[in-house]
Amino acid sequence: MSRAKLSPEPGWTEVDPFPFSGARRSFTGNDPDNDRIALRYFKDPDGHLVARVWFGALSQGAPGHVHGGGVLTALDEAMGAAAWVIGHKVMTVRMSAAFRKAVPVETELTIHTEIIRDGSRIVSVDAVLMGDDATVFADSDGEFIKLSTQRVREVFGREA
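Residues numbered from 1 in each chain as written. Predicted model: local features only at pLDDT ≥ 70, side-chain atom pairs only at ≥ 80, totals over all residues. Heavy atoms only, no water.

S.K.: Before we go on, may I ask you to explain the overall build of the chain in this structure?
M.R.: The number of helices and strands found in the chain is two helices and eight strands. The secondary structure elements of the chain, listed N-terminal to C-terminal, are β-β-β-β-α-β-β-β-β-α. When each of the 160 residues of the chain is scored for burial, the buried share is 39%. Counting only carbon and sulfur atoms, one obtains 48% of the accessible surface of the chain, whose full area is about 8,300 Å². (Helix = DSSP H or I, 4+ residues; strand = E, 2+ residues; numbered from the N terminus. Buried < 20%, exposed > 50% of the residue type's maximum accessible area, 1.4 Å probe, protein only. Areas by Shrake-Rupley, 256 points an atom, 1.4 Å probe, with all protein chains shown as cover.)

S.K.: Is there a simple way to think about unusual backbone geometry in this case?
M.R.: Among all residues save glycine, negative phi is the norm, and among peptide bonds the norm is trans. Although it is not a glycine, glutamate 106 adopts a positive phi angle of roughly 60 degrees. Positionally, glutamate 106 belongs in the loop between strand S5 (90-99) and strand S6 (107-118). Judged by its relative accessible area of 26%, glutamate 106 falls in the partly exposed class. Even without being a glycine, alanine 134 presents a positive backbone phi close to 75 degrees. Judged by relative accessible area, alanine 134 falls into the partly exposed class, the value being 49%.

S.K.: Would you take a moment to explain the packing of aromatic side chains for this structure?
M.R.: For any pair of aromatic rings, the description rests on two quantities: the centre-to-centre distance and the angle between the ring planes. Applying the stated rule across the entire model yields four aromatic pairs. Where tryptophan 84 meets phenylalanine 156, the ring centres are 5.6 Å apart and the plane angle is 85 degrees; that geometry is what we call edge-to-face. Within this pair, whereas tryptophan 84 is found in helix H1 (residues 68-85), its partner phenylalanine 156 is found in helix H2 (residues 149-156), the two being separated by 72 residues in sequence. Judged by relative accessible area, tryptophan 84 falls into the buried class, the value being 8%. Phenylalanine 156 gets classed as partly exposed once you look at its relative accessible area, which sits at 30%. (Phe/Tyr/Trp six-rings, centres within 6.5 Å; stacked < 30°, edge-to-face > 60°.)

S.K.: Would you mind going over H1 with me for this structure?
M.R.: The periodicity of an α-helix, 3.6 residues per turn, causes residues three or four positions apart to be oriented the same way. With 18 residues, H1 extends 26 Å between its outermost C-alpha atoms, agreeing within 8% with the 26 Å of an ideal straight helix rising 1.5 Å per residue. Residues of H1 that are buried include every one of Gly70, Val71, Ala74, Leu75, Glu77, Ala78, Met79, Gly80, Ala81, Ala82, Ala83 and Trp84, and no others. (Expected span 1.5 Å × (residues − 1).)

Printed below as a string of structure tokens:
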């Protein structure tokens, strides 16, 4: 199977939600040659964050299918990115997900996110992982705590 393109839909604008992503050491990223999980972020015309995600061969759990932890990783990162892109430095405090259909490895899908609540300390976000044909593979909701400037420095080793 060919590698992912992680290409936007018409009207999407690319964004980098994480100000120091070039220095990140993570098993996700925006490199479609990544054999694990690759994500590339965009804003849709309504201003919602969307992510194109590639699940490479090394994301496999059951033979031929993405490990559930890989699906959760992509959903978690996209929901957190939705909060970062609106200016909140956050970390996950709670997340739940429902798996609707097994994800085949070497598949490119889209994660649609929506900010549900932007409170004084917590940002609530929903996400749906779906195929181009509108097949829903998983959906998720999460709560993300807003970090102080000092906590951002402690966690990430620099200010965002």
